[in-house]
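# Fold and contact review
One-letter residues, chain by chain:
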2 protein chains.
Amino acid sequence: MSLTIIKGTILSAPAFGKLEVTENGFLIAENGKITGVFPVLPEAYAGAPVEDFGDALVLQTMADLHLHAPQYPMLGTGMDRPLLEWLDTYAFPTEARFSDPGYAREIYSRLAGELIAGGTTRVCMFSSLHREGTLILMEELEKAGVTGYVGKVNMDRNGGKNLQETTEESISETLRWLEECQDFRQIRPILTPRFIPSCTNGLMEFLGRLAKERELPAQSHLSENTGEIQLVASLHPDCRQYWECYAKYGLWNDRTIMAHCVWSDERERQAMAEAGVTAVHCADSNQNICSGVAPVRVMMQEGVKVALGSDIAGGDRLNMFDVAAASIRASKARRILDNLQTDFLTVLEAWYLATSSGAAYFGEKPGFAPGNSLHAMVLADDSLPQPHPLTPQERLERAIYLRQPSAIRALWSDGVRRF
Amino acid sequence: MSLTIIKGTILSAPAFGKLEVTENGFLIAENGKITGVFPVLPEAYAGAPVEDFGDALVLQTMADLHLHAPQYPMLGTGMDRPLLEWLDTYAFPTEARFSDPGYAREIYSRLAGELIAGGTTRVCMFSSLHREGTLILMEELEKAGVTGYVGKVNMDRNGGKNLQETTEESISETLRWLEECQDFRQIRPILTPRFIPSCTNGLMEFLGRLAKERELPAQSHLSENTGEIQLVASLHPDCRQYWECYAKYGLWNDRTIMAHCVWSDERERQAMAEAGVTAVHCADSNQNICSGVAPVRVMMQEGVKVALGSDIAGGDRLNMFDVAAASIRASKARRILDNLQTDFLTVLEAWYLATSSGAAYFGEKPGFAPGNSLHAMVLADDSLPQPHPLTPQERLERAIYLRQPSAIRALWSDGVRRF
């Protein structure tokens, strides 16, 4: 039996907007599963080795539920372009480079390292349409200690130059990819039709069948911008709303991840809540390419599951502390321009979305709940000046807002210490 | 005679939205003043030592025209609070600590170092109301190589606990401060009534007289939020608009800096354009405390001078690359929630505001114009992955959006190399 006892100021997010603080507490895990958080060391563990991090914060790690791995090299470029021009000039040519396994290896090992160093241990990620590149991505993530889902993208129409498959290729490569990725433990496959405009009905039918037969989850994009919604309506005149295009192929259930949902109205949100679909809020990307601001607090109130995504490289920041801050800012922009009618996301609400809410997709209970897999990080912020002795909550707030390079001193992912 | 010849990919912002690129170019300065940018080394300099930075970018440094130095230790905290509660709980108690010279020395030396390391060489800065602390701030800035203006704050009403002066104290301390700061070269004094609600009419009259007698510039806040505007109207019923409260005391001219101007309407903007007042756009702060989004592009079109400010600690980021990106994002939020009616700030427009537009307040011509004082930095971005060979403009865009710790390899401020 392996035992981990971490001592520090332990913070966890047990509910939307709530913070549980245990100063000088003990976070204990056995065989990688959390036993609990204790204000004093339980007698059963007397004499066991304790990793004492003093006054440092012990936090849940973060989950990034929507990002495009092959867009990582173009981070922070092309942000002035309108969506379609951005796709043609930046996104598609960049993704096309991942037909080269050497390039994929170089970029993906760097991406995986940056995720772990930044405190992100759970992902749902788009790869490109390349089978080999996708396997390399899965390998590099697993090697670095990132857990979660990766999808080989399916795209048999409306692609870019050198970035489109025939329906037959998409089907056969997907099947081969599923076969070849069976040995991964921490990174599992997820079906990934890019979005409705990129996939023919035949391909969607195949993916729906495959999801059912092999009990596979699925991820895609939903209601990101108004032009896209019109295009989808014209492609599927039988569907009253965008989400029904996924539903009719059997890709609309509690293992479905839908990025953006900026323009999802009450009816579409209702359909998400009922099916248990997870909506991924990508504040940076939605602001950068002027898609809009998703009504995140309304979604939460309506019972929709919401998590956060960096959505690189529409989003320009991979770090999930930044993404949490961006979500707060976006909600404040909404409030400002709404004549202060809507409430903004508080720091603790954004933190819950970045941690517990993302982890929920992987079947975890909120916070450091007993039975959860150990995903934790130690953040030492003692090099910063203080205006007054900060409370643990203020320290968390500052961690979300401020760049603190090298402040994450230790990290466990799925029970294993990674640094 | 001292001679500086810097070789690299030289980028400068000669006009709003324009970029001048000289690849493998030479930026030359004599005795700290720029001679010019040359595609080939002029014969006159043949044989002179060249500092060759290869493919690195040579950029103008940035100007931060509005920030509160004594709020630096509280960066990134209290962001969920409404303005008045934030002032009482965070800003005022933090500023009050600067009655302690030791604390001031520790915090201000750190602030000055972070400004220079981040590429900011010009500032217009609020200190606290403490004379001694203000002199320490000026010393530390000058030591680090930051140039510009610092103001001892005047505040004889509506202050915080241990953070208010009598009118007499404010006057005598201001006079003494002006006497004691005569030896500074790079950092000069600027009169700094905190804002209209903080200063009695008697104090404002004194400051107006002083500005005229000693030809001193002035900085303050203007039309940041609607509640403040109402308060000012009730304090000065004789003034039709907020700006007229400054104008009636003689603090409204081409050496005046006004932070925020979020709610300045056409008439107030007209008054700025006519008097040559510089409006400082503080996008982060305005978003964090839900003040609004200033109509920056409209101001520019109307001929108002606009520069950027980090406005720490209402703003949560000191780095001016971040502040430029925040300005772009804020303009996109405005566009999104305006039904795409207003144009967003482009990367090059934001860059102009962060560099040439800020430098204009100090009498400089745009870009690396001959006669300007040498304020330049070398940014090496070769450690980042590339999606394709990036153009100099794309590299600048990435520098604005992405964290590149340690990428600034060399910096000159007012002709002197600082690292």
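Residues numbered from 1 in each chain as written. Chains lettered and ligands numbered in written order. Predicted model: local features only at pLDDT ≥ 70, side-chain atom pairs only at ≥ 80, totals over all residues. Heavy atoms only, no water.

## With respect to the overall build of chain A
- If you tally the helices and strands in chain A, you get 13 helices and 17 strands.
- Relative to its length of 419 residues, chain A is compact, with a C-alpha radius of gyration of 21 Å against a globular reference of 22 Å.
- Each of the three principal axes of chain A carries a C-alpha extent, and together these read 65 × 55 × 40 Å.
- Considering chain A as a whole, with its 419 residues, one finds that 64% of them fall into the buried category.
- Summing over all exposed atoms, chain A offers an accessible surface of approximately 14,800 Å²; the carbon and sulfur share of this is 48%.
- Once the 39 positive and 53 negative side-chain charges of chain A are each reduced to a mean point, those two points are 1 Å apart. (Helix = DSSP H or I, 4+ residues; strand = E, 2+ residues; numbered from the N terminus. Rg over C-alpha atoms; globule rule 2.2 N^0.38 Å. Buried < 20%, exposed > 50% of the residue type's maximum accessible area, 1.4 Å probe, protein only. Areas by Shrake-Rupley, 256 points an atom, 1.4 Å probe, with all protein chains shown as cover. Lys, Arg positive; Asp, Glu negative; His and termini not counted. Charge placed at Lys NZ, Arg CZ, Asp CG, Glu CD.)

## Here's the deal with the relation of the copies chain A and chain B
- The transform that puts chain A on chain B rotates by 180° and translates by 0.0 Å along the axis, for an RMSD of 0.0 Å. Here the copies are linked by what is in effect a two-fold axis.
- Comparing interface residues between copies, 100% of those in chain A also lie at the interface in chain B; the contact surface is shared. (Least-squares fit on C-alpha atoms with pLDDT ≥ 70 in both. Contact = heavy atoms within 4.5 Å.)

## Re the sheet that holds strand β5 (residues 62-68) of chain A
Residue and element names in this part refer to chain A.
- Pairing is parallel in the open sheet, where four strands are placed in the order β5-β6-β7-β9. The strands lining the two open edges of the sheet, one partner per strand, are β5 and β9 (187-189). The sheet shows a mean angle of 20° between the axes of neighbouring strands, taken without regard to direction.
- In this structure, β5 lies alongside strand β6 (residues 120-126), joined through five bridges in parallel fashion. For A63, the partnering residue across the bridge sits in β6 and is R122. (Pairing = 2+ DSSP bridges. Axes fitted to C-alpha atoms, helices over the stretch in contact; angles between N-to-C directions.)

## As for the sheet that holds strand β13 (residues 278-281) of chain A
Residue and element names in this part refer to chain A.
- If you walk across this open sheet you meet the four strands as β11-β12-β13-β14, and the pairing is parallel. Each having just a single partner strand, β11 (218-222) and β14 (305-308) make up the two edges of the open sheet. Taking the axes of each pair of neighbouring strands and ignoring which way they run, one obtains an average angle of 30° across the sheet.
- Alignment of β13 against β14, held across four bridges, turns out to be parallel. Residue pairing across strands places V280 opposite A307, the latter belonging to β14.

## Quick word on the pattern of salt bridges
All names here are of chain B.
- One pass over the structure, following the stated rule, counts 49 salt bridges over all chains.
- Among the ionic pairs, D55 bridges to R395, the shortest N-O distance being 3.5 Å. One end of the pair, D55, is in strand β4 (residues 51-60); the other, R395, is in helix α13 (residues 392-401), and 340 residues separate them in sequence.
- Residue class for D55 comes out exposed when judged on its relative accessible area of 54%. (Salt bridge = Lys/Arg side-chain N within 4 Å of Asp/Glu carboxyl O.)

## With respect to the interface of chain A and chain B
- Taken together, the contacts link 51 residues of chain A with 51 residues of chain B.
- On the chain A side of the interface with chain B, the three residues burying the most area are D80(A), R329(A) and R403(A), jointly 15% of the side's total.
- On inspection of chain A and its partner chain B, the count reaches five salt bridges.
- Across the pair D284(A) and R329(B) runs a salt bridge, and its minimum N-O distance is 3.3 Å.
- Viewed at the interface, chain B and chain A are joined by 29 residue pairs in polar contact (both at pLDDT 80 or more).
- Mapped onto the side of chain A that touches chain B, the elements with two or more residues apiece are α1 (83-96), α2 (101-117), α9 (283-288), α11 (320-336) and α13 (392-401) of chain A. (Buried area = accessible area lost by both parts, 1.4 Å probe. Polar contact = N/O pair within 3.5 Å; in protein donor to acceptor, adjacent residues only side chain to side chain.)

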